Amino acid sequence: MTHRNVVVGVDGSLIAVRALDLAADEAVRRAAGLHIVYAVPDCDEAPPVLASAAARVRARHPRLPVVTSAVENGAVEALVHESEGAALTVVGTRGLGGVTGRLAGAVSLRLAARTRVPLLVVRDDRPCDRGSPAARSERELRGGPPVLLGLESEADADVAAFAFQEAERRSVPLRVLHAAARRHTVPRSDVARLRERHPEIPVDACAVPASPARALVEATRDAAVVVIGVHRRPGPLGRHLGPVAHSLLHRSHCPVLLVPTIS
(Lines give C-alpha, C1' and ligand atoms only; values in the text may rest on other atoms or scores of the structure.)
Protein backbone atom coordinates (compact mmCIF):
# COMPACT_ATOMS: atom_id res chain seq x y z
CA MET A 1 0.00 0.00 0.00
CA THR A 2 1.14 3.57 -0.60
CA HIS A 3 1.03 6.63 1.57
CA ARG A 4 -2.16 7.63 -0.26
CA ASN A 5 -4.19 5.13 1.76
CA VAL A 6 -6.14 5.32 5.00
CA VAL A 7 -6.05 1.99 6.85
CA VAL A 8 -8.91 0.88 9.08
CA GLY A 9 -9.23 -2.18 11.31
CA VAL A 10 -12.60 -3.97 11.28
CA ASP A 11 -14.01 -6.96 13.16
CA GLY A 12 -17.78 -6.90 12.52
CA SER A 13 -18.63 -5.00 15.73
CA LEU A 14 -20.70 -1.80 15.89
CA ILE A 15 -17.75 0.35 16.92
CA ALA A 16 -15.72 -1.08 14.04
CA VAL A 17 -18.51 0.01 11.68
CA ARG A 18 -18.29 3.53 13.12
CA ALA A 19 -14.53 3.47 12.65
CA LEU A 20 -15.05 2.28 9.08
CA ASP A 21 -17.44 5.15 8.31
CA LEU A 22 -15.06 7.73 9.73
CA ALA A 23 -12.07 6.17 7.96
CA ALA A 24 -13.90 6.41 4.65
CA ASP A 25 -14.68 10.08 5.30
CA GLU A 26 -11.02 10.70 6.16
CA ALA A 27 -9.90 8.99 2.96
CA VAL A 28 -12.20 11.26 0.94
CA ARG A 29 -10.83 14.35 2.72
CA ARG A 30 -7.29 13.29 1.87
CA ALA A 31 -8.06 12.21 -1.72
CA ALA A 32 -6.72 8.81 -0.62
CA GLY A 33 -7.78 5.20 -1.00
CA LEU A 34 -9.19 3.06 1.81
CA HIS A 35 -7.54 -0.17 2.97
CA ILE A 36 -9.81 -2.32 5.17
CA VAL A 37 -7.93 -4.81 7.37
CA TYR A 38 -9.40 -7.74 9.33
CA ALA A 39 -7.04 -9.63 11.66
CA VAL A 40 -8.25 -13.21 12.19
CA PRO A 41 -6.88 -16.58 13.36
CA ASP A 42 -8.17 -18.15 10.12
CA CYS A 43 -8.58 -16.15 6.90
CA ASP A 44 -11.62 -18.26 5.98
CA GLU A 45 -13.55 -16.27 8.60
CA ALA A 46 -12.88 -12.95 6.91
CA PRO A 47 -14.79 -12.81 3.58
CA PRO A 48 -18.29 -12.02 4.95
CA VAL A 49 -17.05 -9.23 7.23
CA LEU A 50 -14.77 -7.71 4.59
CA ALA A 51 -17.42 -7.94 1.87
CA SER A 52 -19.98 -6.22 4.11
CA ALA A 53 -17.50 -3.47 5.04
CA ALA A 54 -16.53 -2.83 1.42
CA ALA A 55 -20.17 -2.74 0.30
CA ARG A 56 -21.02 -0.21 3.03
CA VAL A 57 -18.19 2.08 1.98
CA ARG A 58 -19.00 1.86 -1.72
CA ALA A 59 -22.65 2.67 -1.05
CA ARG A 60 -21.64 5.87 0.78
CA HIS A 61 -18.61 6.80 -1.35
CA PRO A 62 -19.00 5.20 -4.81
CA ARG A 63 -15.80 6.73 -6.21
CA LEU A 64 -13.54 5.91 -3.27
CA PRO A 65 -10.90 3.25 -4.11
CA VAL A 66 -11.30 0.36 -1.64
CA VAL A 67 -9.14 -2.70 -1.04
CA THR A 68 -9.53 -5.35 1.68
CA SER A 69 -7.05 -7.61 3.46
CA ALA A 70 -7.46 -10.59 5.80
CA VAL A 71 -4.38 -11.05 7.97
CA GLU A 72 -3.67 -14.10 10.12
CA ASN A 73 -2.16 -12.23 13.04
CA GLY A 74 -3.04 -10.29 16.15
CA ALA A 75 -4.83 -6.98 15.59
CA VAL A 76 -1.94 -4.80 16.75
CA GLU A 77 0.71 -6.62 14.73
CA ALA A 78 -1.52 -6.70 11.64
CA LEU A 79 -2.34 -2.99 11.77
CA VAL A 80 1.24 -1.93 12.49
CA HIS A 81 2.41 -3.92 9.46
CA GLU A 82 -0.40 -2.94 7.08
CA SER A 83 -0.15 0.73 8.07
CA GLU A 84 3.48 1.18 7.05
CA GLY A 85 3.59 4.32 4.92
CA ALA A 86 -0.16 5.02 5.27
CA ALA A 87 -1.60 8.51 5.58
CA LEU A 88 -3.65 7.47 8.62
CA THR A 89 -4.74 4.42 10.62
CA VAL A 90 -8.23 4.25 12.16
CA VAL A 91 -9.51 1.95 14.92
CA GLY A 92 -12.52 1.91 17.22
CA THR A 93 -12.56 1.68 20.99
CA ARG A 94 -15.09 1.65 23.83
CA GLY A 95 -15.24 4.62 26.14
CA LEU A 96 -13.84 4.07 29.65
CA GLY A 97 -12.75 0.56 28.80
CA GLY A 98 -11.28 -1.92 26.36
CA VAL A 99 -11.91 -2.55 22.70
CA THR A 100 -14.67 -4.73 21.31
CA GLY A 101 -14.67 -7.89 19.22
CA ARG A 102 -11.50 -9.08 17.51
CA LEU A 103 -9.82 -5.82 18.49
CA ALA A 104 -9.82 -7.14 22.06
CA GLY A 105 -7.88 -5.72 24.98
CA ALA A 106 -6.27 -2.30 24.99
CA VAL A 107 -5.56 -2.43 21.26
CA SER A 108 -5.76 1.33 20.76
CA LEU A 109 -3.24 1.89 23.57
CA ARG A 110 -0.85 -0.76 22.29
CA LEU A 111 -1.18 0.39 18.70
CA ALA A 112 -0.59 4.03 19.66
CA ALA A 113 2.58 3.00 21.47
CA ARG A 114 3.95 1.27 18.35
CA THR A 115 2.61 2.86 15.17
CA ARG A 116 4.76 5.21 13.11
CA VAL A 117 1.85 6.88 11.31
CA PRO A 118 -0.98 9.09 12.64
CA LEU A 119 -3.64 7.06 14.46
CA LEU A 120 -7.31 8.06 14.75
CA VAL A 121 -9.14 6.35 17.60
CA VAL A 122 -12.94 6.42 17.32
CA ARG A 123 -15.04 6.00 20.44
CA ASP A 124 -18.42 4.30 20.66
CA ASP A 125 -20.16 6.85 22.89
CA ARG A 126 -21.06 9.33 20.14
CA PRO A 127 -23.89 8.50 17.73
CA CYS A 128 -23.08 8.00 14.06
CA ASP A 129 -23.68 10.93 11.72
CA ARG A 130 -26.41 9.45 9.54
CA GLY A 131 -26.54 12.31 7.07
CA SER A 132 -25.38 11.80 3.51
CA PRO A 133 -21.74 12.51 2.63
CA ALA A 134 -22.90 15.54 0.61
CA ALA A 135 -24.89 16.88 3.58
CA ARG A 136 -21.91 16.44 5.91
CA SER A 137 -19.62 18.23 3.45
CA GLU A 138 -22.08 21.11 3.24
CA ARG A 139 -22.19 21.40 7.05
CA GLU A 140 -18.40 21.47 7.15
CA LEU A 141 -18.29 24.24 4.58
CA ARG A 142 -20.59 26.29 6.80
CA GLY A 143 -18.30 25.67 9.76
CA GLY A 144 -18.55 23.07 12.48
CA PRO A 145 -16.96 21.98 15.76
CA PRO A 146 -13.28 22.95 15.92
CA VAL A 147 -10.23 20.79 15.72
CA LEU A 148 -8.69 20.76 19.20
CA LEU A 149 -4.90 20.73 19.52
CA GLY A 150 -3.15 19.85 22.76
CA LEU A 151 0.49 20.99 22.93
CA GLU A 152 2.71 19.34 25.54
CA SER A 153 6.33 19.96 24.59
CA GLU A 154 8.77 21.51 22.16
CA ALA A 155 8.64 18.24 20.20
CA ASP A 156 5.07 19.11 19.18
CA ALA A 157 5.85 21.61 16.41
CA ASP A 158 5.11 18.98 13.74
CA VAL A 159 1.96 18.01 15.61
CA ALA A 160 0.80 21.62 15.47
CA ALA A 161 1.40 21.68 11.71
CA PHE A 162 -0.65 18.49 11.37
CA ALA A 163 -3.53 20.02 13.37
CA PHE A 164 -3.59 23.12 11.14
CA GLN A 165 -3.80 20.85 8.10
CA GLU A 166 -6.62 18.88 9.75
CA ALA A 167 -8.60 22.08 10.39
CA GLU A 168 -7.97 23.11 6.79
CA ARG A 169 -9.23 19.76 5.48
CA ARG A 170 -12.41 20.12 7.53
CA SER A 171 -12.87 23.87 6.93
CA VAL A 172 -13.32 24.46 10.67
CA PRO A 173 -11.56 26.59 13.34
CA LEU A 174 -8.61 25.39 15.38
CA ARG A 175 -8.51 25.62 19.16
CA VAL A 176 -5.04 25.35 20.72
CA LEU A 177 -4.43 24.46 24.36
CA HIS A 178 -0.86 24.94 25.63
CA ALA A 179 0.29 22.90 28.62
CA ALA A 180 1.55 25.87 30.64
CA ALA A 181 2.60 23.70 33.56
CA ARG A 182 5.30 22.06 31.44
CA ARG A 183 8.82 23.48 31.44
CA HIS A 184 9.28 23.09 27.70
CA THR A 185 6.28 24.39 25.80
CA VAL A 186 6.08 24.92 22.07
CA PRO A 187 7.30 28.44 21.26
CA ARG A 188 4.46 30.77 20.35
CA SER A 189 6.40 31.74 17.23
CA ASP A 190 5.73 28.24 15.80
CA VAL A 191 1.98 28.72 16.07
CA ALA A 192 2.35 32.26 14.72
CA ARG A 193 4.17 30.96 11.64
CA LEU A 194 1.50 28.35 11.10
CA ARG A 195 -1.17 31.04 11.33
CA GLU A 196 0.61 32.90 8.54
CA ARG A 197 0.64 29.76 6.39
CA HIS A 198 -3.06 29.08 7.05
CA PRO A 199 -4.66 32.54 7.22
CA GLU A 200 -8.10 31.11 6.44
CA ILE A 201 -8.15 29.07 9.68
CA PRO A 202 -9.55 30.92 12.74
CA VAL A 203 -7.33 30.10 15.72
CA ASP A 204 -8.16 30.37 19.42
CA ALA A 205 -5.11 29.70 21.61
CA CYS A 206 -4.90 29.64 25.38
CA ALA A 207 -2.70 28.26 28.17
CA VAL A 208 -3.83 25.28 30.25
CA PRO A 209 -3.07 25.33 34.00
CA ALA A 210 -1.77 22.51 36.18
CA SER A 211 -3.68 19.52 34.74
CA PRO A 212 -3.43 19.45 30.93
CA ALA A 213 -5.08 16.02 30.70
CA ARG A 214 -8.18 17.13 32.61
CA ALA A 215 -8.44 20.39 30.65
CA LEU A 216 -8.11 18.61 27.32
CA VAL A 217 -10.71 15.98 28.20
CA GLU A 218 -13.18 18.72 29.15
CA ALA A 219 -12.45 20.64 25.93
CA THR A 220 -13.21 17.57 23.81
CA ARG A 221 -16.91 17.98 24.61
CA ASP A 222 -17.19 20.63 21.89
CA ALA A 223 -14.53 19.40 19.43
CA ALA A 224 -14.73 17.49 16.17
CA VAL A 225 -11.42 15.75 16.89
CA VAL A 226 -8.54 16.25 19.32
CA VAL A 227 -4.97 16.14 17.98
CA ILE A 228 -2.02 15.38 20.26
CA GLY A 229 1.53 14.16 19.91
CA VAL A 230 2.41 10.61 20.95
CA HIS A 231 5.10 10.89 23.62
CA ARG A 232 6.27 7.33 24.21
CA ARG A 233 7.96 6.58 27.52
CA PRO A 234 10.32 3.60 27.98
CA GLY A 235 9.16 1.03 30.52
CA PRO A 236 9.85 -2.53 31.70
CA LEU A 237 7.34 -3.93 29.17
CA GLY A 238 8.39 -1.66 26.31
CA ARG A 239 7.45 1.85 25.30
CA HIS A 240 4.12 3.19 26.55
CA LEU A 241 2.04 6.34 26.22
CA GLY A 242 2.23 9.43 28.38
CA PRO A 243 -0.57 10.38 30.79
CA VAL A 244 -2.28 12.88 28.48
CA ALA A 245 -2.71 10.41 25.62
CA HIS A 246 -3.76 7.70 28.05
CA SER A 247 -6.43 9.94 29.61
CA LEU A 248 -7.81 11.01 26.24
CA LEU A 249 -8.05 7.47 24.91
CA HIS A 250 -10.12 6.52 27.97
CA ARG A 251 -12.21 9.66 28.47
CA SER A 252 -12.32 11.86 25.37
CA HIS A 253 -15.75 12.94 24.14
CA CYS A 254 -14.57 13.06 20.51
CA PRO A 255 -12.23 11.02 18.29
CA VAL A 256 -8.54 11.20 19.25
CA LEU A 257 -5.89 11.73 16.58
CA LEU A 258 -2.43 10.75 17.81
CA VAL A 259 0.57 11.96 15.81
CA PRO A 260 3.90 10.20 16.42
CA THR A 261 6.72 12.47 17.63
CA ILE A 262 10.46 11.98 17.83
CA SER A 263 11.37 11.45 21.49
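Look up: the structure comes first, before these words.
**Focus on the packing of aromatic side chains**
Using the criterion set out here, one finds 0 aromatic pairs in the structure. Between the NZ or CZ atom of R169 and the centre of the ring of F162, over which it lies, the distance is 5.5 Å.

**Looking at the side chain of E166**
Locating E166 in the fold gives a position in helix α6 (residues 157-170). With relative accessibility at 0%, the residue E166 sits in the buried group. At 2.9 Å, the side chain of E166 forms a polar contact with the side chain of R170. Those residues in contact with E166, other than ones at most four positions away along the chain, are E26, R30, V147, V225 and L257.

**What to know about the sheet that holds strand β4 (residues 88-93)**
Pairing within the open sheet is mixed, and its 10 strands lie in the order β3-β2-β1-β4-β5-β12-β9-β6-β7-β8. At either margin of the open sheet sits one strand with a lone partner, and together these are β3 (66-71) and β8 (203-208). Direction aside, neighbouring strands of the sheet carry axes that sit 20 degrees apart on average. Note that strand β1 (residues 5-9) and strand β2 (residues 33-39) share 5 bridges and pair parallel. The residue of β2 that forms the bridge with V6 is L34. Relative to the sheet, α6 contacts β6 (147-151), β7 (174-179), β8, β9 (225-230) and β12 (256-260), its axis offset from that of β6 by approximately 175 degrees.

**Focus on helix α2 (residues 46-60)**
End to end, α2 covers 22 Å across 15 residues, agreeing with the expected 21 Å (1.5 Å per residue, within 8%). Within α2 the residues assigned to the buried category are A46, L50, A53, A54, V57 and R60. Taken down its axis, α2 places every buried residue within 135 degrees of arc, on the same side. Those residues of α2 that are exposed and aimed more than 90 degrees away from the buried face are P48 and A59.

**Some details on the packing of helix α1 (residues 14-29) against α2**
Running from N to C, α1 and α2 cross one another at 45 degrees; their axes reach a closest spacing of 10 Å. On the basis of the axis angle, α1 is oblique to α2. Pair α1 / α2 crosses with right-handed handedness. Within the contact between the two elements, α1 uses V17, L20, D21, A24 and D25 and α2 uses A53, R56, V57 and R60. Each residue belonging to the contact of α1 with α2 can be placed in one class, and the counts come to 5 nonpolar, no polar and 4 charged.

**Some remarks on the environment of A245**
Here A245 lies in helix α9 (residues 243-251). On the basis of relative accessibility, which here comes to 4%, the residue A245 falls in the buried class. For the pair A245 and L257, spaced 12 residues apart in the sequence, the C-alpha separation amounts to 9.7 Å.

**A look at the packing of helix α8 (residues 212-219) against α9**
One way to put it is that α8 packs onto α9 with a least axis distance of 9 Å and a crossing angle of 30 degrees. Overall, the two elements α8 and α9 adopt an arrangement that is roughly parallel. The two elements α8 and α9 cross, and the hand of that crossing is right-handed. Contacts from P212, A213, L216 and V217 in α8 reach V244, S247, L248 and R251 in α9. Classifying every residue of the contact of α8 with α9 gives 6 nonpolar, 1 polar and 1 charged.

**Here we look at unusual backbone geometry**
The phi torsion at A31 lies on the positive side, around 55 degrees, for a residue other than glycine. Residue A31 is classed as exposed on the basis of its relative accessible area of 62%.

Reading the values: the criteria
Residues numbered from 1 in each chain as written. Predicted model: local features only at pLDDT ≥ 70, side-chain atom pairs only at ≥ 80, totals over all residues. Heavy atoms only, no water. Phe/Tyr/Trp six-rings, centres within 6.5 Å; stacked < 30°, edge-to-face > 60°. Lys NZ or Arg CZ within 6 Å of the ring centre and 35° of its normal. Helix = DSSP H or I, 4+ residues; strand = E, 2+ residues; numbered from the N terminus. Buried < 20%, exposed > 50% of the residue type's maximum accessible area, 1.4 Å probe, protein only. Polar contact = N/O pair within 3.5 Å; in protein donor to acceptor, adjacent residues only side chain to side chain. Contact = heavy atoms within 4.5 Å. Pairing = 2+ DSSP bridges. Axes fitted to C-alpha atoms, helices over the stretch in contact; angles between N-to-C directions. Expected span 1.5 Å × (residues − 1). Arc of directions from axis to C-beta. Parallel < 35°, antiparallel > 145°, perpendicular 65-115°, else oblique. Left-handed = near helix turned anticlockwise from the far one by under 90°. Nonpolar A, V, L, I, M, F, W, Y, C, P; charged D, E, K, R; others polar.

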